[in-house]
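Survey of secondary and tertiary structure
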Amino acid sequence: VALFSDYYCPYCRVLTKTLARIEAESRGGIAVAWHELPLLGEGSDLAARAALAAKRQGAYPAFQERLMKSAFRPTDAYLADMAAAIGVDLDRLRADMTGPAVTEDLRTSSALARVFGFVGTPAMVIGRTVVQGQADEAAILAIAEEERKENWASRCLDT
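Residues numbered from 1 in each chain as written. Predicted model: local features only at pLDDT ≥ 70, side-chain atom pairs only at ≥ 80, totals over all residues. Heavy atoms only, no water.

1. Comments concerning the packing of aromatic side chains
Any pair of aromatic rings gets described here by the distance separating the centres and the angle formed by the planes. Taken as a whole and assessed by the stated rule, the structure comprises 2 aromatic pairs. A connected cluster of aromatic rings, assembled from ring pairs, spans Phe4, Phe116 and Phe118. Of note, Lys55 hangs over the ring of Tyr60, and the distance from its end group to the ring centre comes to 5.9 Å. (Phe/Tyr/Trp six-rings, centres within 6.5 Å; stacked < 30°, edge-to-face > 60°. Lys NZ or Arg CZ within 6 Å of the ring centre and 35° of its normal.)

2. A short note on the sheet that holds strand β3 (residues 123-126)
Taken in spatial order, the 4 strands of this open sheet run β2-β1-β3-β4, and their pairing is mixed. The strands lining the two open edges of the sheet, one partner per strand, are β2 (33-36) and β4 (129-132). Each neighbouring strand pair of the sheet contributes to a mean axis angle of 15 degrees, computed without reference to strand direction. As paired elements, strand β1 (residues 2-5) and β3 share 3 bridges and run antiparallel to each other. From the neighbouring strand, Ala2 faces β3, where its bridge partner is Val125. The strands that helix α1 (residues 10-26) touches are β1, β2 and β3; relative to β1, the one it contacts most, it runs at about 155 degrees. (Pairing = 2+ DSSP bridges. Helix = DSSP H or I, 4+ residues; strand = E, 2+ residues; numbered from the N terminus. Axes fitted to C-alpha atoms, helices over the stretch in contact; angles between N-to-C directions. Contact = heavy atoms within 4.5 Å.)

Here it is as structure tokens:
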């Protein structure tokens, strides 16, 4: 599953929790690739950059979980509190937020979103199935199961 989300999107918050739980409970049966797609303004962009910068310190899951439970406030004090809470180096976080690697990650996610025709968040790709908008756990699992039945992974490897 590839999820494209925005930290300011309330539907993304619900779907992120659902997918994190599905991934954990599947014990390797379902993997999630998280893509930042900040569409809702400057705060969204800063939150995405902070999450991707935290990823460079191995703290993406902790940052994502904390951020999805609170409102991101793009201030130095808020970033300092977040960095301390998840155990990342604040100076490195700030530098990485504006660095080329984070910028490239955002460009890549944006380009992928354009390829799939996503016009908003949340949006995801489950195997070969594109889903725009909110989906519940039952729908996600049903799509994943159908993709497995169709054996799409082996077909992709053959091409």
